Amino acid sequence: YYAGGSETEWTMRQNRSAFSKYQLLPRVLRDVSKVDTSVELFGHRLRSPVIVAPLAMLKMAHPEGELAAGRATAEAGSILVLSTMSTTSLEDVAACTS
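Report follows, based on the coordinates.

### Observations concerning the environment of Ser 98
Here's step 1: Along the chain, the position of Ser 98 falls in the segment after helix H3 (90-97).
Here's step 2: Here the alpha-carbon distance between Ser 98 and Arg 71, two residues 27 residues apart in the chain, equals 8.9 Å.

### Quick notes on helix H2 (residues 65-75)
Here's step 1: Taken residue by residue, H2 has Gly 65, Glu 66, Ala 69, Gly 70 and Thr 73 as its buried positions. Buried residues of H2 fall within an arc of 110° about the axis and therefore sit on the same side.
Here's step 2: Summarising the contacts, the buried residues of H2 are in contact with H3.
Here's step 3: At the exit of H2 stands Gly 77, carrying a positive phi of roughly 80°.

### Section: the pattern of salt bridges
Here's step 1: Evaluated as defined, the whole model comprises 2 salt bridges.
Here's step 2: Close ionic contact of Arg 45 with Glu 40 constitutes a salt bridge, the shortest N to O distance being 3.7 Å. Here Arg 45 and Glu 40 have matching classes, each one exposed.
Here's step 3: Across the pair Glu 64 and Arg 71 runs a salt bridge whose closest N-O atoms are separated by 2.1 Å.

### Regarding the side chain of Thr 88
Here's step 1: By the element assignment, Thr 88 lies in the loop between H2 and H3.
Here's step 2: A polar atom in the side chain of Thr 88 sits 2.9 Å from the side chain of Glu 66.

### Describing the layout of surface pockets
Here's step 1: Put simply, the largest pocket is a space of about 230 Å³.
Here's step 2: Lining of the largest pocket is provided by Gly 70, Thr 73, Ala 74, Ser 78, Ile 79, Leu 80, Val 81, Leu 82, Leu 90, Val 93, Ala 94 and Thr 97.
Here's step 3: Taken together, the elements giving at least two residues each to the lining of the largest pocket come down to H2 and H3.
Here's step 4: At 4 residues, the largest contribution of residues to the lining of the largest pocket is made by H3.
Here's step 5: Looking at side-chain class alone, the lining of the largest pocket contains 8 nonpolar, 4 polar and no charged residues.

Reading the values: the criteria
Residues numbered from 1 in each chain as written. Predicted model: local features only at pLDDT ≥ 70, side-chain atom pairs only at ≥ 80, totals over all residues. Heavy atoms only, no water. Helix = DSSP H or I, 4+ residues; strand = E, 2+ residues; numbered from the N terminus. Buried < 20%, exposed > 50% of the residue type's maximum accessible area, 1.4 Å probe, protein only. Arc of directions from axis to C-beta. Contact = heavy atoms within 4.5 Å. Salt bridge = Lys/Arg side-chain N within 4 Å of Asp/Glu carboxyl O. Polar contact = N/O pair within 3.5 Å; in protein donor to acceptor, adjacent residues only side chain to side chain. 1 Å grid on protein atoms, 1.4 Å probe; cavity = no way out; pocket = protein on both sides within 12 Å on 5 of 7 lines; lining within 4 Å. Points joined across faces, edges and corners; volume = space filled by probe spheres on them. Nonpolar A, V, L, I, M, F, W, Y, C, P; charged D, E, K, R; others polar.

Quick look at the structure:
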């Protein structure tokens, strides 16, 4: 379950196929001294428009699970969306990120 997809993994193959159609285009020799990637969301300013999607059962991947993900996301200036299948309570994650 955790390292793959369900049943025949059809959705996972479709997602990978769709994602492979995109590529990053590096921009070299550009003036990046005044780049602002921040965005305002729900009245909060985030340093980056990247939000960490819900990931179920993170303690299967790391002993600190959602607590580590929450701290890392907060340090990066973004938001962690907590899964309904989280291995840590919402209150505990909120406490470690404020």
